[in-house]
Amino acid sequence: MSKKILSTPQTDDLKERVNSEGTKFKRSSNENSYLGVFEKVENAIERAMYAQKQLSLFYTKEDRERLVSSIREATLENKETLSKLILEETQMGRYEDKVLKHELAAKYTPGTEDLTTTAWSGDEGLTVVEMSPYGVIGAVTPSTNPTETVICNSIGMIAAGNAVVFNGHPGAKKCVAFAVDMINRAIIASGGPENLATTVKNPTMESLNTIMKHPSIKLLCGTGGPGLIKTLLNSGKKAIGAGAGNPPVIVDDTADIENAAKNIIEGCSFDNNLPCIAEKEVFVFESVANDLIYHMLQNDAVIINKNQVSSLVNLVLQKTEQKNSNNDINQEYLINKKWVGKDAKLFLDEIDVEAPETVKCILCEVDANHPFVMTELMMPILAIVRVNDIDEAIKYAKIAEQGKKHSAYIYSRNIDNLNRFEKEIDTTIFVKNSKSFAGVGFGAEGFTTFTIAGPTGEGITSAKNFTRQRRCVLVN
Ligand code: NAD
């Protein structure tokens, strides 16, 4: 693609000034072999600041669209490499699903078309409200969608005119570095400035603290578990927080059971249940439960007995006891991270259950308060709970979702049940009669995101969420 930077005589001056400032950021040849990846987080921030200044002074919205298009192209070209790198480094998930996730991020993350201007014109003049960039955004990414989130965030944040400094999960730092390098090369190839996306080579809590405290970083965006969201919200800065989920599914006695079984297994086993939106537990009406389980078994699932469920609990969960402020003892289960995102067959081998190589999901019939219902496992283990009616189903689904306001699903042809569950569970994503991924535009209408901001309310984030509103008024 040819370089096409629009500049006017007035901006030429500025361009020279900014370019001469820029020489102090010249890369030394031995600093890093990856573009945008720095030993010191301070350098990652400063260079992103410089890149953002260039972006805001010399590039139009049309230019920004060209830059994000090249990120999309690069992602599609590298989707296999990115997926292999994640698997090698994190040892979690399924290769073919990761390829799909990169496709989704590349094709369906909104770009500049997401930005709108509101205007009022009349006898007294003209007032416009524009969506303007924050500047440099500090973004934290999870180990479960490491490069998908970096790509999705970069497209939205750069389309909105920002630069972004990533503090990735330490367990996925190599693939994050690869993605940041890929993004920089794509941007440079289409005439954009280097370092619109940067990262630190070894992300730590200390590097995150530097990002959070830096005076030029006005917006933080974090995708991960509850610890991360708490840290960002305590930073004293504006934060977009995309937190944990534990999505329940209801199947009632009017549902198309074959469709429900197929979709639930596909959603639950996608990338070995790593996605925060993946189906985690099912509340099924007693009258159709056997039928649902029968059809799930036709879709690469196996069911295990009570003793085997106990063995599985011991394998993947660790019980802890903690005193709350009233001195009551709360029992909590911590997941054994070693098993997150592993293939179903590996669990079954470990607890001596024979199963075909093709098995994708392990069904466990349990009570509503079982730890497999109440814990976000991120493993291809699906808790199935029998219920008598919709009251019981909704009651237990709400308890399992724990007010995270993340995602929930229902299979039903009963309008009252569909409406009631949607209102009562009140989640950011609510899908009727299809799998979780429909909620992020896969096989359904609507755009995609890898940052679902339930706790802070932005929801399915996109470029517009990475902007601040600016009102510009012309009188008469
Ligand atoms: P994680 O919380 O362990 O890590 C996420 C990121 O936060 C990492 O970069 C990590 O280094 C950092 N981090 C962890 N604890 C922190 C703390 N106390 N303070 C500051 N930073 C901290 O999560 P993970 O295992 O990498 O990812 C899985 C979690 O993320 C799940 O809970 C999943 O539901 C959630 N998630 C949510 C979304 C969403 O869009 N809502 C998307 C993907 C994953």
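Residues numbered from 1 in each chain as written. Predicted model: local features only at pLDDT ≥ 70, side-chain atom pairs only at ≥ 80, totals over all residues. Heavy atoms only, no water.

Bringing the overall build of the chain into the picture now. Within the chain, the regular secondary structure consists of 15 helices and 20 strands. Against the 2.2 N^0.38 benchmark of 23 Å for 476 residues, the chain shows a C-alpha radius of gyration of 24 Å, consistent with a compact globule. Along the first, second and third principal axes, the C-alpha atoms of the chain reach 75 × 60 × 50 Å. Of the contacts formed within the chain by residues at least 6 apart in sequence, a portion of 72% connects residues at least 24 apart. Accessible surface for the chain amounts to roughly 20,900 Å². Of this, 48% is attributable to carbon and sulfur atoms. Computing the positive centroid from 53 side-chain charges and the negative centroid from 61, the chain places the two 7 Å apart. (Helix = DSSP H or I, 4+ residues; strand = E, 2+ residues; numbered from the N terminus. Rg over C-alpha atoms; globule rule 2.2 N^0.38 Å. Contact = heavy atoms within 4.5 Å. Areas by Shrake-Rupley, 256 points an atom, 1.4 Å probe, with all protein chains shown as cover. Lys, Arg positive; Asp, Glu negative; His and termini not counted. Charge placed at Lys NZ, Arg CZ, Asp CG, Glu CD.)

Strand order in this open sheet of seven strands is 11-14-15-10-9-16-17, and the pairing throughout is parallel. Edge positions in the sheet fall to strand 11 (301-304) and strand 17 (429-432), since each of these pairs with one other strand and no more. Between one strand axis and the next, the sheet turns through 20° on average, direction left out of account. Pairing analysis gives four bridges linking strand 14 (residues 361-365) to strand 15 (residues 381-387), with the strands arranged parallel. If you follow Cys364 over to strand 15, its bridge partner there is Ala383. Strand contacts of helix 14 (residues 390-401): strand 9 (248-251), strand 10 (281-285), strand 15 and strand 16 (407-411), with the helix running at about 170° to strand 10, the strand carrying the most contacts. (Pairing = 2+ DSSP bridges. Axes fitted to C-alpha atoms, helices over the stretch in contact; angles between N-to-C directions.)

Okay, helix 9 (residues 257-269) next. Relative to the 18 Å expected for 13 residues at 1.5 Å per residue, helix 9 spans 18 Å between its end C-alpha atoms, a close match to the ideal helical length. Listed in full, the buried residues belonging to helix 9 are Ile257, Ala260, Ala261, Asn263, Ile264, Ile265, Gly267, Cys268 and Ser269. Its side-chain oxygen placed 3.3 Å from the backbone nitrogen of Glu258, Asp256 serves as the N-cap of helix 9. In the stretch just after helix 9, Asp271 is the one whose phi turns positive, near 50°. (Expected span 1.5 Å × (residues − 1). Buried < 20%, exposed > 50% of the residue type's maximum accessible area, 1.4 Å probe, protein only. Polar contact = N/O pair within 3.5 Å; in protein donor to acceptor, adjacent residues only side chain to side chain.)

Taken as a whole, this structure holds 22 salt bridges when the rule is applied. Asp181 is the salt-bridge partner of Arg185, the closest N and O atoms lying 2.9 Å from each other. On the criterion of helical spacing, the pair formed by Arg185 and Asp181 is a turn pair, its members being four residues apart in helix 6 (residues 173-189). Residue class for Asp181 comes out buried when judged on its relative accessible area of 7%. Several salt bridges share partner residues, and in doing so they unite Lys98, Lys101, Glu148 and Asp271 into one network. (Salt bridge = Lys/Arg side-chain N within 4 Å of Asp/Glu carboxyl O.)

Time to look at the side chain of Thr320. On the secondary structure map, Thr320 appears in strand 12 (residues 317-323). Dropping the residues within four chain positions of it, Thr320 is found in contact with Asn330, Gln331, Glu332 and Leu334.

Before going further, it helps to spend a moment on the sheet that holds strand 20 (residues 467-475). The three strands are arranged 2-3-20 in an open sheet whose pairing can be described as antiparallel. The strands lining the two open edges of the sheet, one partner per strand, are strand 2 (118-122) and strand 20. Averaged over all neighbouring strand pairs, the angle between strand axes comes to 15°, with direction disregarded. Examined bridge by bridge, strand 3 (residues 125-133) and strand 20 share nine bridges and lie antiparallel to one another. When the sheet's bridge partners are listed, Leu126 is paired in strand 20 with Leu474.

What follows covers the site of the ligand. Inspection of the region around the ligand gives 29 residues, with Thr141, Ser143, Gly225, Glu376 and Ile452 positioned closest. Contact between the ligand and Thr144: an oxygen atom at 3.5 Å from a side-chain N or O atom of the residue. For the ligand, a nitrogen atom lies 2.8 Å from a polar atom in the side chain of Thr231. About the coverage of the ligand: the protein hides 85% of its 830 Å² of free accessible area. When residues of the shell around the ligand are traced back to their parent elements, those giving at least two are helix 7 (205-213) and helix 8 (226-233). Examining the composition of the shell around the ligand, we find that three residues originate from one element, helix 8, more than from any other. Per-class residue counts for the shell around the ligand are 12 nonpolar, 16 polar and one charged. (Near = heavy atom within 4 Å. Nonpolar A, V, L, I, M, F, W, Y, C, P; charged D, E, K, R; others polar.)

The next thing to look at is helix 15 (residues 415-425). Of the residues making up helix 15, those classed as buried are Asn417, Leu418, Phe421 and Ile425. Down the axis of helix 15, the sector holding all buried residues measures 100°, keeping them to one side. Along helix 15, exposed side chains directed more than 90 degrees from the buried face belong to Ile415, Asp416 and Lys423. Lining the buried residues of helix 15 we find strand 9, helix 14, strand 16 and strand 17. Where helix 15 begins, one side-chain oxygen reaches toward the backbone nitrogen of Asp416, 2.9 Å away; that side chain belongs to Asn414. (Arc of directions from axis to C-beta.)

On to the nonpolar core, then. Ranked by internal contacts, the top residues of the largest apolar core, which has 141 residues, are Val251, Met296, Leu312 and Phe372. Sort the elements by how many residues they give to this core and helix 6 lands first, with nine residues. Not counting the four nearest positions on each side in its chain, Phe372 is found in contact with Lys280, Glu281, Val309, Leu312, Val313, Val316, Leu317, Cys364, Leu377, Ile381 and Ala383. (Core = buried A, V, L, I, M, F, W, Y, C linked by side-chain atoms within 4.5 Å.)

In this section: unusual backbone geometry. At Asp426, a position not held by glycine, the phi torsion is positive, near 55°. In this structure, Asp426 sits in the loop between helix 15 and strand 17. Of the residues examined, Asp426 reaches a relative accessible area of 42% and is grouped as partly exposed. In the Ramachandran plot, Asn433 falls in the positive-phi region, its phi being about 60° despite a non-glycine side chain. By the element assignment, Asn433 lies in the loop between strand 17 and strand 18 (452-453).

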